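Given next are the chains, with one letter for each unit.
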Amino acid sequence: MSNTPMFRVLTTSECFALLESQYVGRMAFTFRDRVDIEPVHYVCKDRRIWGRTQLGTKVAVLAHHPWVAFEVDKVDALFTWQSVVVRGRVEFPDPEGSAHDRDQYAAGVAAFRELVPEAFTHDDPTPDRDLVFVLPATELEGRAAVARVR
């Protein structure tokens, strides 16, 4: 007997279940003729990807080119895995900006504290990461593989 993979498309509910079960994803973005991808901690809540980062090259690029792809995987074995890609426009709400920005920033902080309760406090393990980002998960697709025994 051999294992042969069977591939399938994940339902929207399965995509969100995967996004909600993980906490490290990869954000891909472009600038001119270069594509980059970086791992980030995140929380998926209310059909949004909430994360945090610090001022740097990625943020400078995203300020002018905010369209990203965000990928999360769960791999159990060679032919047993799930993967979700979210595409959209990432935003960095200003904690001192408009009422909408302040609300979005507070929602991001609250969501991220579900992962790291000390986040954005004096006991924060990564205090330099003071920027919140949000990516609405409105455009997403997922795939899965399962091993079939033949």
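Residues numbered from 1 in each chain as written. Predicted model: local features only at pLDDT ≥ 70, side-chain atom pairs only at ≥ 80, totals over all residues. Heavy atoms only, no water.

## Thoughts on the overall build of the chain
For the chain, the count of helices and strands is three helices and eight strands. Its helices and strands taken in sequence order, the chain reads β-α-β-β-β-α-β-β-α-β-β from the N to the C terminus. Expressed as lengths along the three principal axes of its C-alpha atoms, the size of the chain is roughly 60 × 40 × 25 Å. The burial tally for the chain puts 35% of its 150 residues in the buried class. Here the contacts in the chain between residues at least 6 apart in sequence split such that 70% fall between residues at least 24 apart. Total accessible area on the chain is roughly 9,100 Å²; 52% of this is exposed by carbon and sulfur atoms. Of the charged side chains in the chain, 18 are positive and 22 negative, and the gap between their average positions amounts to 8 Å. (Helix = DSSP H or I, 4+ residues; strand = E, 2+ residues; numbered from the N terminus. Buried < 20%, exposed > 50% of the residue type's maximum accessible area, 1.4 Å probe, protein only. Contact = heavy atoms within 4.5 Å. Areas by Shrake-Rupley, 256 points an atom, 1.4 Å probe, with all protein chains shown as cover. Lys, Arg positive; Asp, Glu negative; His and termini not counted. Charge placed at Lys NZ, Arg CZ, Asp CG, Glu CD.)

## Here we look at the state of the cysteines
As used here, a disulfide is simply a covalent bond connecting the sulfur atoms of two cysteines. Within the structure shown, the criterion is met by zero disulfides. Of the cysteine sulfurs around Cys44, a residue in no disulfide, the closest is that of Cys15, at 10 Å. (Disulfide = S-S within 2.5 Å.)

## Re the confidence of the model for the chain
Confidence in the prediction of the chain, expressed as mean pLDDT, is 92, and 97% of residues score 70 or more. Here helix H2 (residues 57–64) stands out as the least confident element of the chain, with mean pLDDT 81; helix H1 (residues 12–21) is the most confident, with 98. (pLDDT = per-residue confidence, 0-100.)

## Description of the pairing of strand S6 (residues 80–89)
Bridge count between strand S5 (residues 67–77) and S6: 10 bridges; the pairing is antiparallel. The residue bridging Phe70 from the neighbouring strand is Val86, located in S6. What sits between the antiparallel neighbours S5 and S6 is a turn of two residues. (Pairing = 2+ DSSP bridges.)

## What about the layout of surface pockets?
Remark: the empty space left among the atoms is shown by a probe the size of a water molecule rolled over them. Computed from the structure, the largest pocket encloses a volume of approximately 150 Å³. Along its surface, the largest pocket is lined by Glu38, Pro39, Val40, His41, Arg52, Thr53, Gln54, Leu55, Gly56, Thr57, Lys58 and Arg129. Among the elements of the structure, strand S3 (34–45), strand S4 (48–53) and H2 are those that each provide at least two residues to the lining of the largest pocket. With four residues, the top contributor of residues to the lining of the largest pocket is S3. Class assignment for the residues of the lining of the largest pocket results in three nonpolar, five polar and four charged. (1 Å grid on protein atoms, 1.4 Å probe; cavity = no way out; pocket = protein on both sides within 12 Å on 5 of 7 lines; lining within 4 Å. Points joined across faces, edges and corners; volume = space filled by probe spheres on them. Nonpolar A, V, L, I, M, F, W, Y, C, P; charged D, E, K, R; others polar.)

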